[in-house]
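Single-letter residue listing:
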Amino acid sequence: MFGNDWDQVLAAETDKPYFHELMNWLDEEYREHVIFPPREYLFQALKLTSYSGTRVVILGQDPYHGAGQAHGLSFSVLPGVKVPRSLRNIYKELSSDLDISIPAGGTLTSWAEEGVLLLNTVLTVREGLPGSHQGKGWEQFTDAVVEALNEREEPVVFILWGSHAQKKGAKIHTTRHLVIESAHPSPLAARRGFFGSQPFSRANAFFKALEEPPINWDSINIQK
């Protein structure tokens, strides 16, 4: 399903009745409605960032619900799509934090390839209807993803923006992993603690203390 070690890690979860029911329901949704992301991008986050390769987790909520935007990575949009406002604020903080040039595009694939799991809590949405696929089973599935990483011996940095993500990460073992919490980068909340939170440099300082290589956050400026 995922094409990497997530297949084994999540095998018991994807074999549960609720997950089969979710997949059957989703088949019908894709047939009868316009659903984002497109089917081929459904598990893109897990396909691009393996379980063993995950070093940072950035939790989002729903995928973008406008045409041509979502491609399975939280906060990221397809090439050529206007950069959403929350992502613009993420770029502003990135620039302030690490003196990195603000990218022209909104595609975060290179971060995923660096080991940043860009996971949405709910992996699908109907066009123009934010929240429309909440409460269908995705939350249980993504809880299992977070818990699998939480139980891993190798440390992970969890970047939790806003109360929704923080609730999702409430059970993370902070003795082993680093949890970075702040307000959400949305225009409504960014000035209430997101700006100035320095999540990118704090993550890299954590890895430096472990004598591990940093995340190359600037990779989004050099990706093809």
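Here the structure is shown first, and the text comes after it.
Read on for an overview of the structure. (Residues numbered from 1 in each chain as written. Predicted model: local features only at pLDDT ≥ 70, side-chain atom pairs only at ≥ 80, totals over all residues. Heavy atoms only, no water.)

Remarks on helix α3 (residues 17-32)
Thinking step 1. Taking 1.5 Å of rise per residue, the 16 residues of α3 would be expected to cover 22 Å, and the 23 Å separating its terminal C-alpha atoms lies within 8% of that figure.
Thinking step 2. Taken residue by residue, α3 has Tyr18, Phe19, Leu22, Met23, Leu26, Glu29 and Tyr30 as its buried positions. All buried residues of α3 project into a common sector of 135° when viewed along the axis, lining one side. Turned more than 90 degrees off the buried face of α3, the exposed positions are Pro17, Glu21, Asn24, Arg31 and Glu32.
Thinking step 3. In this fold, the buried residues of α3 make contact with α2 (11-14), β1 (35-36), β4 (125-126) and α7 (138-150). (Helix = DSSP H or I, 4+ residues; strand = E, 2+ residues; numbered from the N terminus. Expected span 1.5 Å × (residues − 1). Buried < 20%, exposed > 50% of the residue type's maximum accessible area, 1.4 Å probe, protein only. Arc of directions from axis to C-beta. Contact = heavy atoms within 4.5 Å.)

Considering the environment of arginine 192
Thinking step 1. Residue placement: arginine 192 occurs in the loop between β6 (178-182) and α9 (199-209).
Thinking step 2. A relative accessible area of 64% places arginine 192 in the exposed class.
Thinking step 3. Counting along the chain gives ten residues from arginine 192 to serine 182, while the straight-line C-alpha distance between them is 8.6 Å.
Thinking step 4. A distance of 2.7 Å separates a polar side-chain atom of arginine 192 from the backbone oxygen of leucine 188. (Polar contact = N/O pair within 3.5 Å; in protein donor to acceptor, adjacent residues only side chain to side chain.)

Section: the packing of aromatic side chains
How two aromatic rings sit relative to each other is given by the distance of their centres and the angle of their planes.
Thinking step 1. Inspection of the entire model under this criterion finds 15 aromatic pairs.
Thinking step 2. With centroids separated by 6.3 Å and ring planes inclined at 85°, the aromatic side chains of tyrosine 18 and phenylalanine 19 adopt a geometry described as edge-to-face. Phenylalanine 19 carries the same exposure label as tyrosine 18, and that label is buried.
Thinking step 3. Linked through ring pairs, Phe2, Tyr18, Phe19, Phe43, Trp138 and Phe141 together constitute an aromatic cluster.
Thinking step 4. Over the aromatic face of phenylalanine 207 sits the side chain of arginine 55, whose NZ or CZ is 4.1 Å from the ring centroid. (Phe/Tyr/Trp six-rings, centres within 6.5 Å; stacked < 30°, edge-to-face > 60°. Lys NZ or Arg CZ within 6 Å of the ring centre and 35° of its normal.)

Quick notes on the nonpolar core
Thinking step 1. Within the largest apolar cluster, 67 residues are counted, with the highest numbers of intra-cluster contacts made by Trp6, Phe43, Trp111, Trp138, Phe141 and Trp217.
Thinking step 2. With seven residues, α7 is the single largest residue contributor to this core.
Thinking step 3. What tryptophan 6 contacts, discounting residues up to four positions off in sequence, is Ala11, Leu46, Thr49, Ser50, Tyr51, Thr54, Leu117, Val145, Ala148 and Leu149. (Core = buried A, V, L, I, M, F, W, Y, C linked by side-chain atoms within 4.5 Å.)

Quick word on the environment of asparagine 4
Thinking step 1. Note on placement: asparagine 4 falls in the segment before α1 (6-9).
Thinking step 2. Residue asparagine 4 is classed as buried on the basis of its relative accessible area, which comes to 19%.
Thinking step 3. Along the primary structure asparagine 4 and serine 74 are separated by 70 residues, whereas in three dimensions their C-alpha atoms are 20 Å apart.
Thinking step 4. For asparagine 4, the contacting residues outside a window of four places in its chain are Leu46, Lys47, Thr49 and Ser50.
Thinking step 5. Within the structure, asparagine 4 has its side chain in polar contact with the backbone nitrogen of tryptophan 6 (distance 3.0 Å).

Quick notes on the sheet that holds β6
Thinking step 1. Taken in spatial order, the four strands of this open sheet run β3-β2-β5-β6, and their pairing is parallel. The open sheet terminates on both sides in strands that have one partner only, identified here as β3 (116-120) and β6. Neighbour-to-neighbour, the strand axes of this sheet turn through a mean angle of 20°, independent of strand direction.
Thinking step 2. Examined bridge by bridge, strand β5 (residues 157-161) and β6 share five bridges and lie parallel to one another. Paired with leucine 160 across the strands is glutamate 181, a residue of β6. (Pairing = 2+ DSSP bridges. Axes fitted to C-alpha atoms, helices over the stretch in contact; angles between N-to-C directions.)

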